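Structural characterization, general
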Amino acid sequence: MRSADLPDEPDEPTRVEHPDGASQDRPKPKPREVPDPDERGKAYEAAQAYVPAETRQSAERRLEGADKPTYRDEVPRFEKMWAEHTRRWPEKERDATDRSADSPEIDEAVSRVREAEPSISADAQAIEQENKEKYGGWLDGFERRIKGEDRLKEKIAAVLEVEPSVTAGEALREIPDAIRHTYCFQPEHYAKGYYDIKERYE
């Protein structure tokens, strides 16, 4: 049966209906492409460059509610809560694990970390100084930049238990925080400071 058309309009072609309800002439949706995180970060920075800091802060306050405190306002309260938490439930010391039975290969892998750390940390400090001039970044927790020897051996041994065919050196490569450096920034410099650090490491 034909549909009623206005005099100056041509007849509509009959559509073939498919069992799933989709018509044959309807285009199929393209697979969704997820943007690259680096590109999203750069787009965000570019957008922020056109918005004054005061406008952003007032918009954030409107979103949060003018009568509600901001995160920064709440920091002292959080610190008091944490102090009370640690007073009531002090952290229990880990039982010392006897690592005397570890293979010499594990000891050698750990000693390689100790040998590599000074030059890596020197680079991290040089990057900190270069970044500080532009974005004010600083290294935090530098005294904890290398994982404790017993904990490192424990992690290597855990990898070897799961993958006995790998060497201790290969197991060490699966531990991402054997040597770690933490950079901090003020919120207004975070994105640009991060990209600067990333590029300097690369």
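Relevant structure appears above.
Residues numbered from 1 in each chain as written. Predicted model: local features only at pLDDT ≥ 70, side-chain atom pairs only at ≥ 80, totals over all residues. Heavy atoms only, no water.

1. Observations regarding the pattern of salt bridges
So the rule is basically this: Salt bridges are identified by distance alone: a Lys or Arg side-chain nitrogen within 4 Å of an Asp or Glu carboxyl oxygen. The secondary structure listing takes helices from DSSP runs of H or I that are at least 4 residues long and strands from runs of E that are at least 2 residues long, numbered from the N terminus. Buried means the residue's accessible area, taken with a 1.4 Å probe over protein chains only, is under 20% of the maximum for its type, while exposed means over 50%, and partly exposed covers the values in between.
This model, assessed by the stated rule, comprises 14 salt bridges. The shortest N-O distance in the salt bridge between Lys-147 and Asp-177 comes to 3.0 Å. With a gap of 30 residues between them, Lys-147 in the loop between strand E1 (138-140) and helix H5 (149-162) and Asp-177 in the loop between helix H6 (168-173) and strand E2 (182-184) connect regions that are remote in the sequence. With a relative accessible area of 22%, Asp-177 lands in the partly exposed category. One salt bridge in this structure joins Lys-198 and Glu-202, with 3.0 Å as the shortest N-O distance. Overlapping salt bridges bring together Asp-107, Arg-114, Glu-149 and Lys-153 as one network.

2. Some remarks on the nonpolar core
Inclusion rule: Working definition of a nonpolar core: buried Ala, Val, Leu, Ile, Met, Phe, Trp, Tyr and Cys residues. They are joined through side-chain atoms within 4.5 Å. Contacts between residues were defined by any pair of non-hydrogen atoms, one from each residue, lying within 4.5 Å.
Residues Leu-152, Ile-156 and Leu-172 are the most contacted members of the largest nonpolar core, which totals 16 residues. Put simply, the parts of the chain that give this core at least two residues each are helix H4 (104-135), H5 and H6. The biggest single contributor to this core is H5, with 5 residues. Ignoring any residue separated from it by four or fewer positions in sequence, one finds Leu-172 in contact with Ala-109, Val-113, Leu-152, Ile-156 and Ala-178. Counting residues in hydrophobic clusters, the runner-up holds 8 residues, among them Ala-124, Tyr-135, Leu-139 and Phe-142.

3. Focus on the packing of H4 against helix H7 (residues 190-201)
A pair of packed helices is captured by two measures, namely the crossing angle of their axes and the spacing between those axes. For the record, the criterion: All axes here are fitted lines through C-alpha atoms, helices being fitted over the stretch that makes contact, and every angle between N-to-C directions spans 0 to 180 degrees. In this scheme the crossing of two helices becomes right-handed for a clockwise turn of the near helix relative to the far one and left-handed for an anticlockwise turn of less than a right angle. Put simply, Ala, Val, Leu, Ile, Met, Phe, Trp, Tyr, Cys and Pro go in the nonpolar bin, Asp, Glu, Lys and Arg in the charged bin, and everything else, Gly too, in the polar bin.
Running from N to C, H4 and H7 point in directions that differ by 145°, and their axes come no closer than 10 Å. The hand of the H4/H7 crossing is right-handed. From H4, Ala-124, Ile-127, Glu-130, Asn-131, Lys-134 and Tyr-135 reach across to H7, where they touch Lys-192, Gly-193, Asp-196, Ile-197, Arg-200 and Tyr-201. Classifying every residue of the contact of H4 with H7 by side-chain character gives 5 nonpolar, 2 polar and 5 charged.

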